[in-house]
Each structure stands twice: as structure tokens, then as C-alpha cells.
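Chain and residue survey
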Amino acid sequence: MSGVFGRVFGKSKEQSQATALASLDKLNETLEMLEKKENLLVKKANLEVEKAKNFTKAKNKRAAIQCLKRKRLYEQQIEQLGNFQLRIHDQMIMLEAAKATTETVDALRTGASAMKAMHKSTNIDDVDKTMDEINDNMENMRQIQDLLSTPMGAAADFDEDELEAELADLEGEELEAELLAPTTTAPTTAPVRVPTAQQSTRPSAQSSKTEDDELAALQAEMAM
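Sequence order as written defines the numbering, with residues in each chain counted from 1. With the structure being a predicted model, the display of local features is reserved for residues of pLDDT at least 70 and the display and counting of side-chain atom pairs for 80 or more, all residues being used for whole-chain, interface and lining totals. Side-chain measures were taken over the full set of non-hydrogen atoms in the model, leaving aside hydrogen atoms and water.

Concerning the pattern of salt bridges
Spelled out, the test is: Should a side-chain nitrogen of Lys or Arg be within 4 Å of a carboxyl oxygen of Asp or Glu, the pair is scored as a salt bridge. For helices the rule is a DSSP run of H or I covering at least 4 residues; for strands it is a run of E covering at least 2, with both sets numbered from the N terminus onward. Each residue is assigned to one of three classes by its accessible area relative to the maximum for its type, calculated with a 1.4 Å probe on protein chains only: buried under 20%, partly exposed between the two thresholds, exposed over 50%.
For the structure on display, the rule yields seven salt bridges. A salt bridge links Lys51 to Glu48; its shortest N-O distance comes to 4.0 Å. Linking Lys51 with Glu48, this pair stays in helix 1 (residues 2–57), spanning three residues, or about one helical turn. A salt bridge links Lys99 to Glu103; the nearest nitrogen and oxygen atoms lie 2.6 Å apart. Residue Lys99 and its partner Glu103 are located together in helix 2 (residues 61–121), separated by four residues, close to a single helical turn. Note on Lys99: relative accessible area 28%, which makes it partly exposed. What emerges from the salt-bridge pattern is a single network uniting Glu48, Lys51 and Arg70.

With respect to the environment of Glu35
Take Glu35: it is sitting in helix 1. For Glu35, a relative accessible area of 33% corresponds to the partly exposed category. A sequence separation of 49 residues divides Glu35 from Phe84, and the C-alpha atoms of the two residues are 9.9 Å apart.

Observations regarding the side chain of Lys71
Quick reminder of the rule: By definition, residues are in contact when any of their heavy atoms lie within 4.5 Å.
Of note, Lys71 is situated in helix 2. Lys71 gets classed as buried once you look at its relative accessible area, which sits at 14%. Beyond its immediate sequence surroundings of up to four residues, Lys71 is in contact with Ala45, Glu48 and Val49.

Considering the UniProt feature "coiled-coil region" (unreviewed entry) in the chain
Definition in use: UniProt positions are given in the numbering used here, feature names are shortened, and annotations may be inferred rather than shown by experiment.
What UniProt calls "coiled-coil region" (unreviewed entry) maps, in this numbering, to residues 17–44 and 124–180. Counted over residues 17–44, helix gives 100% and strand 0%. Its end C-alpha atoms are 41 Å apart.

Here's the deal with a negative patch on the surface
Inclusion rule: Patch building starts from residues that exceed 30% relative accessible area and form no salt bridge, then joins like charges within 9 Å and nonpolar side chains (Val, Leu, Ile, Met, Phe, Trp, Tyr) within 5 Å. For the area figures, the Shrake-Rupley method with a 1.4 Å probe applies, and any residue is considered shielded solely by the protein chains shown. His residues and chain termini do not enter the charge count, which takes Lys and Arg as positive and Asp and Glu as negative. Lys charges are placed at NZ, Arg charges at CZ, Asp charges at CG and Glu charges at CD.
Taken together, Glu160, Asp161, Glu162, Glu164, Glu166, Asp169, Glu173 and Glu176 make up a surface patch of like negative charges. Residue position: Asp169 is located in helix 4 (residues 160–179).

A closer look at unusual backbone geometry
In this model, Lys59 sits at a positive phi of 65°, which is unusual for a non-glycine residue. Assignment of secondary structure puts Lys59 in the loop between helix 1 and helix 2.

As C-alpha cells, then:
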């Protein structure tokens, strides 16, 4: 049923547009015809003026007056034709405005139909469903990544706290080794500063030093 109405109203719209165009063409033709008649009457009126001047020079007053009368008649027709042209211009402006209005409404109606069709193909429920699917897929991917990064086998039984404590001990030993690294020889002109903690923890090493080393150690203690 809607298709029948669409065809009927579609034909009616096309017929209206064709009628408007035909009316504009007819008005244009009429306007051109009136303009031609007006130009012809203007020429005739000017000709009567020239005749009246010639009769005036010939002292033929009666003939000159007749020429002026005919000129007045032509001027009246010219004024009437001007009014006709003005009405035709008004009618053309109204038809063109109506045509523009109709085309604008048709364009808006077409846009509304397109928007309605898009809304039918994509509604809010579909959008919500799509977003839920995206969120579910992202959550599944995150869980998969977590599972892949989880330690397996023997590595899964290691205590993270114990590993961190062992790492801290290793770092402490490394730092202590750097601080306790000895200088085996020292020049006699520059005494070597040796921490007291180092001397207390290594008594056997001091007993095996040469006399120069013992002297350097004594100078270092005195400097402290």
C-alpha cells in the first residue's frame, strides 16, 4: 500500500515540478512579447513627436496636435504594458520561490529518510551489544596474557620474598667487597687510609705484611 502511495505522490511531485517549469517558460515568453511591443510603441511615440515638430515648423497646428494625441495614446499603452510586465515579474518571482521551497523540502525529506534508514540498520541495542563483545574480548585477551606470563613447573614453587632477600644479600656482599678491596702496595710518600673495621676483620693478613706495610697501617691509624 505504501508503495502505491509513494508512486502516486512521486508522480504528483514530478507533475508539479513540470507544471512549474512550464509556467515559468510561458511567463518568460509573454514577458519577451510585451517587451517587444513596448519597444515598438516607444518608437511610434517618438515618431509622432518628430512629426509634430515638422508640422509645427510648417505652421500646421492641427496636424501637430493630432500627432501629440497619438503619442499620448501610445504612452498609455506603454504604461499598461509596463504594468503587465511588472505583474509577470512578480508571478515569476513567486513561482521561483515556490520551486526553491519545494526543492528544499524534498532535499530535507530525502535526508530524513536516509537518517531513518541508518537508524533502522544501527540502533542503540546493537551498539551496546557490540561494545560488550569488545570488552569481553579484551578481558579474555588480558586473562590469556596473565596465564602465559605465570611461572610453570619448578619455577612456580619459588618464593618471591626469599628470592628478593637473596638478591639483597648479593648486592650487600658486592658493596662490601668494593669497600674492602685492599691496596697491596703503598708509596712511602703518601700514607694509605685503612678503615679500622678492615683491620679488625683481617688480623692474619696484617701479621704477614712487610715492615713497610705495617708502618703504613700505623700511619693510617694515627691519621684517623
